[in-house]
Amino acid sequence: MEDVIDEIYTVCHCNEVTYGEIMQAIKVGACDLESLMKRTGAGTSCGLCKSVKDDPGGKRAIHLDELIEKAKLEGLCPDK
């Protein structure tokens, strides 16, 4: 069974940060990995949720860098 990624889906298990919290941070300007981690705390412990590269075992269904790219494609992040 695939994971359903919705507002309450936990992206960062170490710090219990949800998809909804991450998307809210992105919507208010956390459009790069460093600022997203600082604003939410996601990715600041074990780091598996940061990127596919940081998750070689594929333990996470979605990663922070993927969510940032998705947000950019959807126009949620301003061009710099």
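Residues numbered from 1 in each chain as written. Predicted model: local features only at pLDDT ≥ 70, side-chain atom pairs only at ≥ 80, totals over all residues. Heavy atoms only, no water.

Asker: Hey, could you go over the state of the cysteines for me, with residue numbers and the actual values?
Answerer: Enumeration according to the criterion identifies 1 disulfide in this entry. For Cys-12, which is in no disulfide, the shortest distance to another cysteine sulfur is to Cys-49 and amounts to 4.0 Å. Unpaired in this structure, Cys-14 has its nearest cysteine sulfur neighbour in Cys-46, at a distance of 3.6 Å. Judged by relative accessible area, Cys-14 falls into the partly exposed class, the value being 42%. (Disulfide = S-S within 2.5 Å. Buried < 20%, exposed > 50% of the residue type's maximum accessible area, 1.4 Å probe, protein only.)

Asker: Before we move on, can you summarise unusual backbone geometry with the specific residues and values?
Answerer: Phi is positive for Glu-16, close to 50 degrees, though the residue is something other than glycine. Mapped onto the secondary structure, Glu-16 falls in the loop between β1 (10-12) and β2 (17-18). Residue class for Glu-16 comes out exposed when judged on its relative accessible area of 62%. (Helix = DSSP H or I, 4+ residues; strand = E, 2+ residues; numbered from the N terminus.)

Asker: Break down the side chain of Asp-55 for me, with residues and values.
Answerer: Relative to the assigned elements, Asp-55 resides in the loop between α2 (33-40) and α3 (64-73). The side chain of Asp-55 sits in the buried core without any salt bridge; Arg-60 is the nearest counter-charge, 5.8 Å away. At a separation of 2.9 Å, a polar atom in the side chain of Asp-55 contacts the side chain of His-63. When near neighbours in sequence (up to four residues on either side) are disregarded, Asp-55 contacts Leu-48, Arg-60 and His-63. (Lys, Arg positive; Asp, Glu negative; His and termini not counted. Salt bridge = Lys/Arg side-chain N within 4 Å of Asp/Glu carboxyl O. Polar contact = N/O pair within 3.5 Å; in protein donor to acceptor, adjacent residues only side chain to side chain. Contact = heavy atoms within 4.5 Å.)

Asker: How would you sum up empty space enclosed by the protein? Please name residues and give values.
Answerer: With the rule as written, the count across this model stands at 1 cavity of 30 Å³ or more. Size it by volume and the largest cavity reaches roughly 40 Å³. The class makeup of the residues in the lining of the largest cavity is 5 nonpolar, 6 polar and 1 charged. (1 Å grid on protein atoms, 1.4 Å probe; cavity = no way out; pocket = protein on both sides within 12 Å on 5 of 7 lines; lining within 4 Å. Points joined across faces, edges and corners; volume = space filled by probe spheres on them. Nonpolar A, V, L, I, M, F, W, Y, C, P; charged D, E, K, R; others polar.)

Asker: Describe the environment of Cys-46, listing the residues and the values that go with them.
Answerer: Take Cys-46: it is sitting in the loop between α2 and α3. In sequence terms Cys-46 and Glu-69 are 23 residues apart; their C-alpha atoms lie 22 Å from each other.

Asker: I'd love a proper account of the confidence of the model for the protein, names of residues and values included.
Answerer: Of the residues in the protein, 95% have a pLDDT of 70 or more, and the chain-wide mean is 92. Of all helices and strands in the protein, the one with the weakest mean pLDDT is α3 (95), whereas β2 scores best (98). (pLDDT = per-residue confidence, 0-100.)

Asker: How would you sum up the pattern of salt bridges? Please name residues and give values.
Answerer: Per the counting criterion, the structure on display carries 2 salt bridges. Notably, a salt bridge pairs Glu-69 with Lys-72, separated by 3.9 Å at the nearest N-O pair. In this pair, Glu-69 and Lys-72 are both assigned in helix α3, 3 residues apart and thus about one turn of the helix distant. The exposure class of Glu-69 is partly exposed, given its relative accessible area of 44%. On the basis of relative accessible area, Lys-72 is assigned to the partly exposed category, the value being 41%.

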